[in-house]
Each structure stands twice: as C-alpha cells, then as structure tokens.
There are 2 protein chains.
Amino acid sequence: MITIAVDAMGGDLAPRPEVEGSVLAARELGLRVLLVGIPAEIKRELARHSLRGLSVEVVPARDVIAMSDSPAQAFRRKKDSSAHVAARLVRHRQADALVSAGNTGALMTVARFVLGTLPSVQRPALAAPFPTSRGGVTVLIDAGANVDSKVGHLLQFAVMGEIYYRVIFGTRRPKVALLSIGEEESKGNELTKEVYNRLKDLPLNFVGNIEGREVFSGSVDVIVCDGFIGNVALKISEGVAQHIAAVLKKALKSTIASQVGYVLSRSAYREFRRNIDYSEYGGAPLLGVRGVAIVGHGRSNANAIKNAVRVAAELTHAQLNERIERELSSLPIAVGT
Amino acid sequence: MITIAVDAMGGDLAPRPEVEGSVLAARELGLRVLLVGIPAEIKRELARHSLRGLSVEVVPARDVIAMSDSPAQAFRRKKDSSAHVAARLVRHRQADALVSAGNTGALMTVARFVLGTLPSVQRPALAAPFPTSRGGVTVLIDAGANVDSKVGHLLQFAVMGEIYYRVIFGTRRPKVALLSIGEEESKGNELTKEVYNRLKDLPLNFVGNIEGREVFSGSVDVIVCDGFIGNVALKISEGVAQHIAAVLKKALKSTIASQVGYVLSRSAYREFRRNIDYSEYGGAPLLGVRGVAIVGHGRSNANAIKNAVRVAAELTHAQLNERIERELSSLPIAVGT
C-alpha cells in the first residue's frame, strides 16, 4: 500500500485542512496516510471524522517550522519539526512520499538535504502547475528552488518537467518551451540563447521560446526557466489577479445598476475563483530528490491537501524517479555546465 | 516652443491615432508637432481635423518599420523609416523629443544609435509606468532595453528611474525598490544581492527588495530590475489580465442570472478597462539617450499618443537629461561593473 507522510502542521490553517484532506484521501483513494506533527492537535481534528476502515496514523513531531522562519535556519535548528520528521520517514522508506503546505523554502531545503538528490540530478527544481485559458494545465519549472542556474541545470529541468507532465497529465509528447523575451531563437539573454541551442538536440518536443504574454494561454505544456525568473513570474501573476479583483470590485460597486449586476453574478464569481484555484492541481513537486516531495500552497484547503496526496501517490506509483534517473543518465547533458 | 517629432507610421492603427493625438496635443498643450511618415497618408488623416492656429507640420519619410521587423535589421536597412527620420530630427536639434508607438525593439535600437547615450550613461533603459491598486503609478526600469545587466547598470537604472519619477509624478523622495524573490537582503541571485548592497550607499530612498506579488500594490514608486526580468514580468502581467478576462466572461455568461448581471455591469467593466489602460501614463521613456524618446504601446489610441507627447514635452521642459547627467556623474558608480 502506498504510504504518504503529510506534514500536518505546515499550512496557514494547520492542522485542520491537513487532517481533513488526509482523511478524504485515505477514504477515496485507499492510501495509507501518516499525519506528522503535534499529536494532541492532530487528534483533536481527527475526532471530527469517522476513521472506520481507514489507514490514517499519527507520527509525533515536537517542533513546527513557521512561515516566517528562514529556510536555512529552520533546516539546521528545527531537526524535530514536522517537515523534518516527514522527510525522514521517506528517507527511511517508512513512507513513499511527503506532502506539506508549509514554508516552501524550508520544505525545499529539508527535502533536498534529508532526502538527497538523485545520482544524475545536479539541482532539484520546483515544478508549478497552473490552469490556462484553454482549460488545460501548464507546468513552470523551476518555480523557485534555484537561482543563478547554469545551462545544464535548465536542460535537466526540461527533462524532469516533461516526465512529470507525461505521468500526471497523460500527454504523450508534451510541448516544452523556454521562457524568454521573444519567440525567435536570437531573442533572450546569454543563458537562454545557449539553452535554446542545446534543447534542440534533446529528444524532447521542444517548441522554442515562449513570451510572458503567452504563459497562461495554454499553447505549451512545460515552460522552463531559472528559479529567480520563475518565482518573479508566478508571484507577479498572483499580484495581478489580486489587483484586478480589487479594481473590478470597486468598479462594480460604483453604480446601482452594477451593484445589482454584482449580486446577480456572484455565483459566477465563485466559479471564476474556483477556476483560478491552484488547489485542483495538487501542489508543486520538487523534482530530482530521492523520494517524492510535494509543496502545497500555504492557503491550501482540505481539497488541495487531498489532491496533493493523490499526486504524491500517482508519482510514486508511476516510478517517477526511476524514469528521471533513467532518462537523465542516458542524455548527453554535461552536469554543471 | 517645444517641438515633438511623432512617428506617424508606428502603431498598429497608424497613422490615424498618431495624427489625432498629435492634433489634440498641439491644441491642448500649445506644442509644435512634427508628424513624420508617408505624406499622403498623414495628410488624408489631417484633413479630418481643424488645424487653425495649430503648429502641426508633416516631415516626409519614405519607409516604415513593421512590428515584425527584427530591430537590428530595421535599424540597418530602413534608414529612411519614419522612426529613423524622427530620431534624426532630435539629433539635429530640429525637435526636442521623439514619440513612437511602433516596434519597441527597433525604436530602442534607432534611438540608442541615432541619438547616442549621455556621457555618464552606460546603457539606456526603458522605464515603464503602470497603475497600482492604490490608484497611483509605479515605474519599472528596465522594462526590456537590456539583458545580462551588470551591477553598475542596475545602479544607473535606479538613479535614472528615480529622477524620471520625480519629474513626471512630482514625488519628492520616490521609494526605490529592487525586484527580487524575498524581502530580506539575503534573498535574491548573485546580481541582486550585490546591487542591494550597493544601492544602500546611494543617495536614494532605497526601501529594499520587493517581491513579484507586491509589484502592483503601489507600495513603492520605482522598481529596478534587469531587462529580461522586466520584460517577462510586464508581459506575463498582460497575459494574466487577458486570462482573467476570458475566464470571467465565460463564467458570467454561464447562467441566466449572471447574464443579466453581465449586461447590468457592462459599464463598470468599461471603467475597469480604463483603469488598467496604460495609455493614461503616456508611454515608456527610454532613459539615458541624448534627447527624449518615448515608446508607446502598439495599440495606442489618440489619447495615448496625446499623453505620450505631453510626457515628452514635460521631460524636455524639466531638462531630464541634464539632471541625469549631473547626478550620475557625481555618483561613485563604476561604469561596467
């Protein structure tokens, strides 16, 4: 039975959505879930659910990493945190995968150093799925695990992201693109121009550069970039969405007619919000570590946690890491270049 | 009298909005405008307006740079384009400033090499103003004039952007921030960490790093970044806005009640679109060249052109370049480092 370790103390509302989402996952998917954290708090939440026939267990952890903790300090000083304990469960094969909606930077550090990286992987990378205008999903890799990436790192991100996309979204030949400032091969900075040139030679369905304007269009499946760019790109997207929501709310409330319109269309807004809700896609996996590690949004609700557990199980079942290792080790990508 | 050369052939709908916007600017602001381009086309548009008492002249140019032209090729092969002729008018002091809604890359190349850069400026940079949730304006510099910027370049962008903000938006001590992946000084890549350290020593109101999520919040006035990042950030923002509009339209049309809401709130949507319309801010100046060069959006309407002409006149009147040269030459920024 596939076993998933859930960091019950990670998210903004922990442990409630973590516990509820884990119970849902155990019930609907028949998985074994280990809830890691402060036992009293987890048990108080578990008491709200019927656990009959479910494989849900509590694994104690004394400490909790806060959202405001520095990743490096949290890694060094909070060895008994729920994130550390969950990662050690994976390292010692007591769990197949780890899910956390906690401090993303800290979780990446913990996963990277407790689990270690795969032999052929130079740097693990965060793969962030998001919905597109066409109704599909595009994955951006690296969403912020690394900065100052070199050419070889981006090539590895492309290979890992493509495998993940195939496994989770079932596309046989995902379209892989490079985030840049123009579609032509000649557009970009030193890094992307060299990466473009090298991506052409890999056995991927590489479709060339993609500009920022097209990221949400759904025209490609996997978008490759350095983690500094990826972090800025995703966070600015969140900022724009908040900005538009604020402007729209103000505009719609400014006249009687549009107030009526606002009330009438409220259910449509709810659907809209669901549409841009990342929780359906089950969080962002940190690809390239030994084991499976999924980072959820801090605001994850129970549904988001359930989906993250589901994705963790699917990646385990599909032997993602064996595939990554097999494909990367057979490719002519000089590490560190 | 301040004289502005307008590239009449630049935008997607040229020369109609260029001519109308120039006539409006001449009438409302008492400026002299030189409309540069194919005379027959410009005159056909001019015939739609009353020019009595206005200082609007036509300067012929035989060629036109297309949106699809490569900037380098357009610069070399279309020496008689309206953009080239307009830039030469500025170079030869027959005009104070140049406005174009054409191919941004080509215009930057033409402006940079026909006008030349100021003695203390290493690289000109594009300063892009945009509206914020607080109702103010934030300027992002560099929005895409350069890639692979070095530390000294970003320091110069900060100084130039701050002067521009003071001149156009009247803020005495604009807040200057560095775009990065975390607020703390320790967050960023090699470039931004070094720039952060050096910005602290400049006589600017430097407020530290800003994350992508905060870019549209209005918490700072000037945001400094490399042009690759700036281009991706602004284009992805456009893409998110389009994406949200598409999702919202679909959601609002899906039920009868929300259809009614949609109709009733249509005027509110128009106001919303006006609110996120960049045209109010008069285009993006390329800072650091000899003379004033303003790049408008390809979709600029007459109002956008008028505002770009107004901003061009204000920057001329305020002796922007003298200020930039004076401040940069007095600062301890080693060029090219």
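Residues numbered from 1 in each chain as written. Chains lettered and ligands numbered in written order. Predicted model: local features only at pLDDT ≥ 70, side-chain atom pairs only at ≥ 80, totals over all residues. Heavy atoms only, no water.

1. Observations regarding unusual backbone geometry
Logical step 1: Cis geometry is adopted by the peptide bond preceding Pro15(A), which originates at Ala14(A) and carries an omega value of 0°.
Logical step 2: Along the polypeptide, Pro15(A) turns up in the loop between β1 (3-7) and α1 (16-29).
Logical step 3: Backbone torsion omega between Ile141(A) and Asp142(A) reads 10°, so that peptide bond is classified as cis.
Logical step 4: Considering the arrangement of structural elements, one finds Asp142(A) in the loop between β6 (137-141) and α6 (151-169).
Logical step 5: One non-glycine residue with positive phi stands out, namely Asp148(A), at about 55°.
Logical step 6: Relative to the helices and strands, Asp148(A) is located in the loop between β6 and α6.
Logical step 7: The backbone phi angle of Arg93(B) is positive, close to 60°, even though this residue is not glycine. (Helix = DSSP H or I, 4+ residues; strand = E, 2+ residues; numbered from the N terminus.)

2. Here we look at the packing of aromatic side chains
What describes a pair of aromatic rings is the distance from one ring centre to the other and the angle between the planes of the rings.
All names here are of chain A.
Logical step 1: Evaluation of the coordinates by the stated rule reveals ten aromatic pairs over all chains.
Logical step 2: Arranged with centres 5.1 Å apart and planes meeting at 80°, the rings of Tyr196 and Phe206 form a pair that is edge-to-face. Of the two residues, Tyr196 is situated in helix α7 (residues 190-199) and Phe206 in strand β8 (residues 205-210); the sequence distance between them amounts to ten residues.
Logical step 3: Residue classification places Phe206 among the buried residues on the basis of a relative accessible area of 16%.
Logical step 4: Put simply, the rings of Tyr164, Tyr165 and Phe169 touch in pairs and so form one group of aromatic residues.
Logical step 5: When the ring centre of Phe75 is taken as reference, the NZ or CZ atom of Lys79 above it lies at 4.3 Å. (Phe/Tyr/Trp six-rings, centres within 6.5 Å; stacked < 30°, edge-to-face > 60°. Buried < 20%, exposed > 50% of the residue type's maximum accessible area, 1.4 Å probe, protein only. Lys NZ or Arg CZ within 6 Å of the ring centre and 35° of its normal.)

3. Quick notes on the state of the cysteines
Logical step 1: Counted under the stated rule, the structure contains zero disulfides over all chains.
Logical step 2: No disulfide involves Cys225(A); its nearest neighbouring cysteine sulfur is the one of Cys225(B), lying 15 Å away.
Logical step 3: Owing to a relative accessible area of 3%, Cys225(B) belongs among the buried residues under this scheme. (Disulfide = S-S within 2.5 Å.)

4. Focus on the sheet that holds strand β9 (residues 222-224) of chain A
All names here are of chain A.
Logical step 1: Overall, mixed pairing links the eleven strands, which are arranged β3-β2-β1-β4-β11-β10-β5-β6-β9-β7-β8 in an open sheet. One side of each edge strand has no neighbouring strand; the edge strands of this open sheet are β3 (55-60) and β8. Adjacent strand axes in the sheet meet at a mean angle of 25° when their direction is disregarded.
Logical step 2: The pairing of strand β5 (residues 125-131) with strand β10 (residues 284-287) spans two bridges and is classified as antiparallel. Within β10, the residue paired with Ala125 across the bridge is Leu287.
Logical step 3: Sheet strands touched by α7: β7 (175-179) and β8. Its angle to β7, the strand with the most contacts, is close to 160°. (Pairing = 2+ DSSP bridges. Axes fitted to C-alpha atoms, helices over the stretch in contact; angles between N-to-C directions. Contact = heavy atoms within 4.5 Å.)

5. Some words on the pairing of β3(A)
Residue and element names in this part refer to chain A.
Logical step 1: Bridging between strand β2 (residues 32-37) and β3 involves six bridges; their strand directions are parallel. Bridged to Leu34 within β3 is Glu57.
Logical step 2: This β-α-β element, β2 to helix α2 (residues 39-46) to β3, shows right-handed connectivity. (Right-handed = clockwise from strand over helix to strand, strands pointing away.)

6. Regarding the environment of Gly188(A)
Logical step 1: If you trace the backbone, Gly188(A) turns up in the loop between β7 and α7.
Logical step 2: For the pair Gly188(A) and Leu178(A), spaced ten residues apart in sequence, the C-alpha separation works out to 9.8 Å.
Logical step 3: Setting aside its immediate chain neighbours within four residues, Gly188(A) contacts Ser180(A), Ile181(A), Lys193(A), Val147(B) and Phe228(B).

7. Considerations on the packing of helix α4 (residues 82-91) of chain B against helix α5 (residues 104-115) of chain B
Residues and elements named next belong to chain B.
Logical step 1: Look at α4 against α5: their axes get within 9 Å of each other, and the N-to-C directions meet at 35°. Seen along the crossing, α4 lies across α5 with a hand that is right-handed. Every residue of α5 that contacts α4 at Ala83, His84, Ala87, Arg88, Val90 and Arg91 is listed here: Leu107, Val110, Val114 and Leu115.
Logical step 2: By residue class, the composition of the contact of α4 with α5 is seven nonpolar, one polar and two charged. (Left-handed = near helix turned anticlockwise from the far one by under 90°. Nonpolar A, V, L, I, M, F, W, Y, C, P; charged D, E, K, R; others polar.)

8. A few points about the domain arrangement of chain A
Interface size, as often reported, equals the accessible area lost upon joining of the parts.
Residue and element names in this part refer to chain A.
Logical step 1: Each assigned domain of chain A is listed here: domain 1 (3-121 + 288-318) and domain 2 (128-247).
Logical step 2: In total, domain 1 and domain 2 occlude about 720 Å² of area from one another, counting both sides; carbon and sulfur atoms represent 59% of this.
Logical step 3: Seen at the junction of domain 1 and domain 2, the total is one salt bridge.
Logical step 4: For Glu238, the salt bridge identified is with Arg299, shortest N-O distance 4.0 Å.
Logical step 5: Between domain 1 and domain 2 we count two residue pairs in polar contact (both at pLDDT 80 or more) in total.
Logical step 6: Those elements giving two or more residues to the side of domain 1 that touches domain 2 turn out to be α5 (104-115) and α11 (302-317).
Logical step 7: Sort the elements by how many residues they give to the side of domain 1 that touches domain 2 and α11 lands first, with three residues.
Logical step 8: Grouping the constituent residues of the side of domain 1 that touches domain 2 by class yields five nonpolar, three polar and three charged. (Domains from an automatic or database assignment. Buried area = accessible area lost by both parts, 1.4 Å probe. Salt bridge = Lys/Arg side-chain N within 4 Å of Asp/Glu carboxyl O. Polar contact = N/O pair within 3.5 Å; in protein donor to acceptor, adjacent residues only side chain to side chain.)

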